[in-house]
Amino acid sequence: MEAALSPQARNAHQSLTAAQLSAVEHVDGPLLILAGPGSGKTRVVTHRIAHLLGEGISARQILALTFTNKAAAEMRSRVEKLAPRQPVWMGTFHGFCARLLRLNAALVGLSENYSIYDMDDSHKLLVAAIEDERVDLSHVTPDAIRQAIGWAKNNLITPDRYTGSKGRQLGGIVERVYPAYQRRLLRANAVDFDDLLMHVATLLRENPEVRAKLDERYRYILVDEYQDTNLAQYAIVRALSIDHPNLAVTGDPDQSIYGWRGANLSNILEFEKDFPSVKVVRLEQNYRSTKAILRVADQLICHNVRRKKKQLFTDNAEGAAVRLNCYPTQRDEADDIAAQIVTAVHAGKRRPRDFAVFYRINALSRQIEHALREHVIPYQIVNGVEFFQRKEIKDVLAYLHLINNPRSDVALLRIINTPTRGIGKSTVVKLQDHARKNSLPLLDAAREAGLVEGLAKKSLVAVAKFVAMFDRLGEVATAHVEAIVGRVLSESEYEEVLTNSEAEEDQERLANLQELLTAAREFDMRNPGQGHLEQFLEETSLVADTDAWESESDKVTLMTMHAAKGLEFPVVFIIACEQGLLPHERSRNDEEKVEEERRLLFVGITRAEEELQLSYADYRMFRGQAAPTIPSPFLMELPRDEMQLSSSISSRPRARDWEESQLPRVEAELSHDDGDVSFDVDDFSQVEPEESKKKKVPLLVSGVTTAASLLAEQENGLRRVSPSMFKHGMTVEHREYGIGTIISLSGEGPKRRATVRFAAATGEKSFVLMHANLQPVE
DNA sequence: TGTGAGTTGATTTTT
DNA sequence: TCAACTCACA
């Protein structure tokens, strides 16, 4: 098995420090790696996987769990370099659980084609459950209920065992709503995110033989960011490490920032009690930041009580002093940051991608975005309106969800009248009544609409038409995903409605749908063969905002501090260090929560390699009103005497004037639409080689391609003749059959096929594009 | 039934 | 500020 290790891997081992090496070479038994920020943790983990493989351990027996897809992807690509093509399971907790649950769905009362509901879907279901229970919402918000249920699930408290704390109104309500909500989920053959973990934990507890089999299968388990595990995740990992306790966890208690999601700091703080024979390795040397930055971070985190003391140090240069700036208003803050970036980029000192701006809450990104646009700086915002959250995408995916799982009422409600087809609210209510009385899924209720009381004839016809349309879609359920999506777009008339619309917004939606088709095709290429709809839906449900970050592109990055974990940038700006925002309002009067906020700032600070600026504004717009602010108390905990403090910002020349004289105006061409999550500026393309601009990033993980760029690409593509020039919805002419419309496409390259709908007499035909005599009609 | 105007009410972080 | 929701009207 030594052959599994690339020469690169063996050489690389030599460059590891003694501490790193001792972790890498540990094989059997529990291992705890306490890794400070920038200490080369990922390097250790990936080298350890390579080392295990080198020791002759089968790749199938190794399981590496992360929290984000991004972290998993990073790990995968680095392991790939050290030990190519080894089928080690690397992925997120949720992804792993989704897979396990597919194989054992029946054990928890689901069937294998269950749906994964995202926040939006589960919220709708929750509201329905709240209505079921006729809860008075005057003192409790659905969101509070959702959080309580989520907390319960993360702590493995099932609906039947839930009891709210005495005297609290919320507790009593949750006691009623939680079981109702869970019943609805099960009836819909669906799970929410928290269920993925809870169901698997339950399954492992209640089925010893399944547990033992999996324990045997996954002999070597690695968990990244262990400080962020909650009880459910802990239970899962624990259950898989009983017979073979070769559990290696890495983490840093000081970077635990997901307490609100049920993360339990005790999991890592007490790992040594759990596994008395554990080997502990501390990685304290930082390879990322300057001494100046690291000292600030260290000073701050020392104010936390609940932690493991750690001595952070670095051999890096002293570096520039950390800046602490006070601005009159948020506007000045944003302007100055943009100006600093422009100045550095124009001086040739930095590139846009060297900069990152962090904030506590997403709402704060707006001013920065605005300033960057004004200064014509390309940026990408990690988050915004995420691709898979856009209405049109969710609509089309809902069709797919319903095809895959006909019991998913949430999906049906979403599409039964989208696009509008004359099935209004009153009709839907009647169908829901009927479904409830006969305990049927909504789709089945719609099928027997004839039996529904008081339904107008017109409505009846509309519902029947919908059902017939849906059944036609069902016929292609096992086709390539791209073909299914194409069918949905044409059969549902979703595409037609948008095409006929004048609204610019709808044209953008069309372009986004083309993107979805592309994403589907890319999925098909990665998963040859048919019948992968379920898997496609799983992937789209489990991708997150952070995964949409393009590390390749030359843009300033804007993100929350939570999203920043695991990343690093040469220059970091942390804005709005103000009481109420950082620490956040909701953590007031709760020392544990304040400590978590402090850790959050610690994470932000330690992302910086060379330069760091913290800032706050005296006045900030909030809820539409400007209000005076109070600087964050955390700022008083920093070593201010060695930092560069400044509040005389107005003396700086207005960068906009400078920029006007130096750069050609291109603003007119820029979209000022807020829905646009990123944009390119031609002036910066000179630092970005043409080639890299053309390189296509897989959509499933990019999500930030703009509709405009896609349209442009489409136009360019039209001139060449190749199977790839045919697009969904295109009008084509066939020598024999005449004019028709492409209603679906599938396959790649010479094998690419199209289904074309001709005049009624001819019907539908399927062609291999390479050989068919199809001509696009202008 | 569908649309559009007007009102309200809520604002964390993410798989 | 802005999005979601309600309500009135066509």
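The sections below set out a description of the structure shown in this document. (Residues numbered from 1 in each chain as written. Chains lettered and ligands numbered in written order. Predicted model: local features only at pLDDT ≥ 70, side-chain atom pairs only at ≥ 80, totals over all residues. Heavy atoms only, no water.)

## Looking at unusual backbone geometry
Across the chain, the bulk of peptide bonds are trans and the bulk of non-glycine residues have phi less than zero.
Then, number 1: A cis amide bond links Thr418 to the next residue, Pro419, at an omega of -5°.
Then, number 2: If you trace the backbone, Pro419 turns up in the loop between helix H18 (409–415) and helix H19 (425–437).
Then, number 3: Backbone torsion omega between Leu582 and Pro583 reads 5°, so that peptide bond is classified as cis.
Then, number 4: When you line up the elements, Pro583 lands in the loop between strand E15 (569–574) and helix H27 (591–605).
Then, number 5: Non-glycine residue Arg85 carries a positive phi angle of around 50°.
Then, number 6: The topology assignment puts Arg85 in the loop between helix H4 (69–82) and strand E3 (89–92).
Then, number 7: Positive phi outside glycine occurs at Asn189, with the angle close to 55°.
Then, number 8: Within the fold, Asn189 resides in the loop between helix H8 (169–187) and strand E5 (190–191).
Then, number 9: For Asn189, a relative accessible area of 0% gives the class buried. (Helix = DSSP H or I, 4+ residues; strand = E, 2+ residues; numbered from the N terminus. Buried < 20%, exposed > 50% of the residue type's maximum accessible area, 1.4 Å probe, protein only.)

## A look at the sheet that holds strand E23 (residues 774–776)
Then, number 1: Pairing is antiparallel in the open sheet, where five strands are placed in the order E22-E21-E20-E19-E23. Both outer strands of the open sheet, strand E22 (764–768) and E23, are each paired with one neighbouring strand and no more. Along the sheet, successive strands turn relative to each other by an average axial angle of 40°, direction set aside.
Then, number 2: For strand E19 (residues 731–734) and E23, the ladder comprises three bridges, and the chain directions are antiparallel. (Pairing = 2+ DSSP bridges. Axes fitted to C-alpha atoms, helices over the stretch in contact; angles between N-to-C directions.)

## With respect to the pattern of salt bridges
Then, number 1: Under the defined criterion, the tally for this structure stands at 56 salt bridges.
Then, number 2: Notably, a salt bridge pairs Asp215 with Arg211, separated by 2.9 Å at the nearest N-O pair. With Asp215 and Arg211 both in helix H10 (residues 208–217), this residue pair falls four residues apart, about one helical turn.
Then, number 3: For Asp215, a relative accessible area of 0% gives the class buried.
Then, number 4: Look at Arg211 and you get buried, because its relative accessible area is 13%.
Then, number 5: In this structure, Arg472 and Glu491 form a salt bridge, with 2.9 Å as the shortest nitrogen-oxygen distance. You can see Arg472 sitting in helix H21 (residues 457–474) and its partner Glu491 sitting in helix H22 (residues 481–491), a full 19 residues away along the chain.
Then, number 6: Exposure remark for Arg472: the relative accessible area of 37% places this residue in the partly exposed category.
Then, number 7: A relative accessible area of 9% means that Glu491 is categorised as buried.
Then, number 8: Each of Asp118, Asp120, Asp121, Lys124, Lys391, Lys394, Asp395 and Arg414 takes part in one network of salt bridges that share partners. (Salt bridge = Lys/Arg side-chain N within 4 Å of Asp/Glu carboxyl O.)

Any link to function would need more than the numbers given here.
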